[in-house]
Amino acid sequence: MLLAGCLWVICLALMPFPSLAVDTSQKPTLASAFSSKSTTPAASNTLKTNRTTGELLPMVINTWNFTASNMLAWRILKQSKGGLRQTRNAVVEGCSKCEKLQCDRTVGYGGSPDESGETTLDAMVMDGGTMDVGAVAGLRRIKDAIKVARHVLEHTQHTMLVGDAASAFANAMGFESESLITPESKDMWLQWMAENCQPNFWWNVHPDPKVSCGPYKPRPTPLTRWKEDRARNEYEIGRKNHDTIGMIAIDVESNIHAGTSTNGARHKIPGRVGDSPIPGAGAYADNEVGAAVATGDGDVMMRFLPSLLAVEAMRVGKPPAEAAAVGIRRMIKHHKDFMGAVIAVDRLGNYAAACYGLDEFPFVVSSPAGPNGPTRLETVKCIAGQEKVNVVFL
């Protein structure tokens, strides 16, 4: 009986049972939708770049064709596997590079002199994990604007410091005071003065700001309707007289930082601050959703918080392309002469841009998904000026 029982067990072991066979082939992952690279079982247990995000992360993206800034940020991000714990360093150093290069003379020292001939700087850093922000506005005599903003973020419980007090804070943190005026920015200012301070940002004052440098005083006028008010002649905002670097860095665990830096609008009234250092206007980041950055006519953009609108649009399920257009369309409903752009990125690294007032808008992206290397310059066609604008609701 014992021998028969053993033979019976051996026979059972040798019999085929197709329905109980184990399929050891790898199940498809989201990576197959984005990358042609095969994923081995060992790789599937590594960072999220292979398991979840399809090689879209980590990434750096920024406004305009400021490639050198993006490349430095990407190099810093890649100092740790998947960019972990490097997003803040990447954004700060990337924007700082643009400050040093004086990108388009609209970022950093020596550009965009105000009516008094002085260059002042605005900058911001936002942490999408803690939702903390550090910002400076109207910073004088300090070149490293975004690094001072980082110190506000890391060493104070405040969000923004402004003007001379921000400069005094920077000095206390070890930053040196130095003139931000260069021979080029001085010549720019002198030429503007010689042309009767044209154009400028004044209206409803006397003497007539279209032919005079002032000083100005308020001109008594009857109350006007909103449309009549908007019909006034305004300073034309364009890329070469008003610009910002806005940058976003995301690691493979969807930790996000966003930052901005600018020297503001050329020939602005002293004390003017635009959208760049304003959370939700120049930039906004939330690890749960994604991030957005904006550039353009800051006096308009800060009234609508387009970066916040883009992030909130993604929060309710809109893809980045639609999310970026939300703020743009909201603004041009009221300001047909507006110029600007918004870049939106979701937490998985999908991105898009929308713009108005230009033919097209360039931006730079670095990520593992680049077909010809990690860093590439991309462009997007802007919304046509004659296009009927529909309000996009969240």
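How each quantity is defined
- Residues numbered from 1 in each chain as written.
- Predicted model: local features only at pLDDT ≥ 70, side-chain atom pairs only at ≥ 80, totals over all residues.
- Heavy atoms only, no water.
- Disulfide = S-S within 2.5 Å.
- Buried < 20%, exposed > 50% of the residue type's maximum accessible area, 1.4 Å probe, protein only.
- Helix = DSSP H or I, 4+ residues; strand = E, 2+ residues; numbered from the N terminus.
- Phe/Tyr/Trp six-rings, centres within 6.5 Å; stacked < 30°, edge-to-face > 60°.
- Pairing = 2+ DSSP bridges.

A. How the structure looks around the state of the cysteines. Here the structure, examined in full by the defined rule, presents three disulfides. Paired through a disulfide, C98 and C103 show a sulfur-sulfur distance of 2.1 Å. As the torsion about the S-S bond is roughly -125°, the C98-C103 disulfide counts as left-handed. By the burial criterion, C98 is buried, and C103 matches it. Residue pairing for C355: its cysteine sulfur links by disulfide to C382, the two sulfurs lying 2.0 Å apart. Residues C355 and C382 are joined by a disulfide whose S-S torsion is about -105°; by sign, that bridge is left-handed. One end of the pair, C355, is in strand β12 (residues 351-356); the other, C382, is in the segment after β14 (375-381), with 27 residues separating them in the sequence. Comparing C355 with C382, the two get one shared label, buried. Along the protein chain, the cysteines that take part in disulfide bonds pair up as 1-2, 3-4, 5-6, counted in sequence order.

B. Quick peek at the packing of aromatic side chains. If you walk through the whole model with that rule in mind, you get four aromatic pairs. Judged by centre distance (5.0 Å) and plane angle (75°), the rings of W64 and F361 are edge-to-face. Of this pair, W64 sits in the loop between β1 (59-63) and α4 (67-77) while F361 sits in strand β13 (residues 360-366), and the two are 297 residues apart along the sequence. In this structure W64 comes out as buried when scored by relative accessible area, which is 1%. Note on F361: relative accessible area 0%, which makes it buried. Ring centres of F361 and F363 lie 6.2 Å apart, and the angle between their planes is 25°; on these two criteria the pair is classed as stacked. Each member of the pair, F361 as well as F363, carries the same accessibility label: buried. Within the aromatic cluster, the residues linked to one another by ring pairs are W64, Y351, F361 and F363.

C. Region of interest: the pairing of strand β11 (residues 340-346). Buried residues dominate β11, accounting for seven of its seven residues. By the alternation rule, side chains of β11 split into G340, V342, A344 and D346 and A341, I343 and V345, which are all buried. With seven bridges connecting them, strand β10 (residues 290-296) and β11 associate as antiparallel partners. Each bridged residue has a counterpart across the sheet, and for V293 the counterpart in β11 is I343. With six bridges connecting them, β11 and β12 associate as antiparallel partners. In the sheet register, G340 faces β12, and the bridge partner there is Y356. If you look at the hairpin formed by β11 and β12, you'll find four residues sitting between the two strands, and G349 has a positive phi there, around 100°.

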